Amino acid sequence: MTVGIIMGSSSDWSTMKHSAEMLDYFGISYETKVVSAHRTPEMMVEYAKNATSEGIDIIIAGAGGAAHLPGMIASLTNAPVIGVPIESKSLKGMDSLLSIVQMPGGIPVATQAIGIPGAKNAGLLAARMIGMSDQAVFEKLSEYTKSLEKKVEDMQNDLK
């Protein structure tokens, strides 16, 4: 399975690279593209309509400000779309979050947290989706969960 990581601007990469890092950890292939809902709407439509025929199974879409990209992509494809609100300067990403999370019934976007934690969780959510049919990814998810447990154990030991 392949994941498409798209973003409205190259400046979003500093956030979205965390999705890519999670996919790298799980050995999941992906592509990255800048696809702007506002500046290149025809490219966005083409990307969404052709994603599954081009081998994209899940789309992670990061957007800031008006943040229309994830929802517009979700309206044009049946592939799962995971939205990542990019932190904006003026409203700290609340504008992005509300734009992505407030989708009308029938057009789902799995919206994550604002910024880097959301991008990381988007990659992890894509891995969990893929892990349902890919045993190697599923096993790697178990290892990842154990590593989180170990981190908490280490934190507890630091308190002693």
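All figures in this text were calculated on a predicted structure; none of them were measured in a lab. (Residues numbered from 1 in each chain as written. Predicted model: local features only at pLDDT ≥ 70, side-chain atom pairs only at ≥ 80, totals over all residues. Heavy atoms only, no water.)

### Remarks on the overall build of the protein chain
We count it as follows: Helix numbers and strand numbers start at the N terminus; a helix is a DSSP run of H or I with at least 4 residues, a strand a run of E with at least 2. Relative accessible area decides the class of each residue, using a 1.4 Å probe on protein chains only: under 20% of the type maximum gives buried, over 50% gives exposed, and in between gives partly exposed. In what follows, a contact means two residues having at least one pair of non-hydrogen atoms within 4.5 Å. A 1.4 Å probe and the Shrake-Rupley method give the accessible areas. Residues count as covered only by the protein chains that appear here. We count Lys and Arg on the positive side and Asp and Glu on the negative side, and we leave His and both chain ends out. Each charge is placed at NZ for Lys, CZ for Arg, CG for Asp and CD for Glu.
Along the protein chain, the regular secondary structure elements total six helices and five strands. Along the chain direction, N to C, the helices and strands of the protein chain fall in the order β-α-β-α-β-α-β-α-β-α-α. When its C-alpha atoms are laid out on the principal axes, the protein chain stretches across 55 × 40 × 30 Å. Counting across all 160 residues of the protein chain, residues that qualify as buried make up 40%. Considering only contacts in the protein chain between residues 6 or more positions apart, those separated by 24 or more positions represent 66%. As displayed, the protein chain offers around 8700 Å² of accessible surface, 55% of which is attributable to carbon and sulfur atoms. Placing the 13 positive and 17 negative side-chain charges of the protein chain at their respective mean positions leaves the two points 6 Å apart.

### A short note on helix α3 (residues 69-76)
Listed in full, the buried residues belonging to α3 are Leu69, Pro70, Gly71, Ile73 and Ala74. Looking at the buried side of α3, the elements it contacts are β1 (2-7), α2 (41-50), β3 (56-63), β4 (81-85) and α4 (94-101).

### What about the packing of aromatic side chains?
To keep things clear, this is the line we draw: For Phe, Tyr and Trp, rings pair up if their centres lie within 6.5 Å, where Trp contributes its six-membered ring, and each pair is then called stacked (planes under 30 degrees apart), edge-to-face (over 60) or tilted (otherwise).
Tallying each qualifying case throughout the model produces three aromatic pairs. Summarising the aromatic geometry, the rings of Tyr25 and Tyr144 are spaced 5.6 Å apart at their centres and angled 65° between planes, so their arrangement reads as edge-to-face. Note that Tyr25 is positioned in helix α1 (residues 13-26) and Tyr144 in helix α6 (residues 135-158), a separation of 119 residues in sequence. Among the residues examined, Tyr25 registers a relative accessible area of 33% and is labelled partly exposed. A connected cluster of aromatic rings, assembled from ring pairs, spans Tyr25, Phe26 and Tyr144.

### Quick look at the packing of α2 against α3
To keep it simple, the criterion reads: Whenever a helix is involved, its axis is fitted only over the stretch in contact; in every case the axis is a line through C-alpha atoms, and angles between N-to-C directions fall within 0 to 180 degrees. With respect to orientation, any angle under 35 degrees is reported as roughly parallel, any angle over 145 as roughly antiparallel, any angle of 65 to 115 as roughly perpendicular, and every other angle as oblique. By the definition used in this description, the sense in which the near helix is turned from the far one sets the handedness, with an anticlockwise turn below a right angle giving left-handed and a clockwise turn giving right-handed.
Contact pair α2 / α3: the axes reach a minimum separation of 8 Å and the direction vectors enclose 50°. Judged on the interaxial angle alone, α3 and α2 are oblique. The way α2 lies across α3 gives a crossing that is right-handed. Listed contacts from α3 to Met44, Val45, Tyr47, Ala48 and Lys49 of α2 are Leu69, Met72, Ile73 and Leu76.

### Some words on the environment of Asp57
In this structure, Asp57 sits in strand β3. Every residue in contact with Asp57, bar those within four places of it in the chain, is listed here: Met1, Thr2, Ala79 and Pro80.

### Let's talk about the sheet that holds strand β5 (residues 110-111)
So the rule is basically this: Between any two strands, at least two bridges found by DSSP are needed for them to pair.
An order of β2-β1-β3-β4-β5 is seen for the five strands of this open sheet, with the pairing classed as parallel. Across the chains shown, the open sheet's two edge strands, defined by having one partner strand only, are β2 (29-34) and β5. In the sheet, β1 pairs with β3 via six bridges, with the strands oriented parallel. Directly across from Ile5, in β3, lies its bridge partner Ile60. Contacting β3, β4 and β5, α4 runs over the sheet at an angle of about 160° to β4. On the sheet, helix α5 (residues 116-131) packs against β1, β3, β4 and β5 and is oriented at approximately 170° with respect to β4.

Nothing here speaks to function; it is all geometry.
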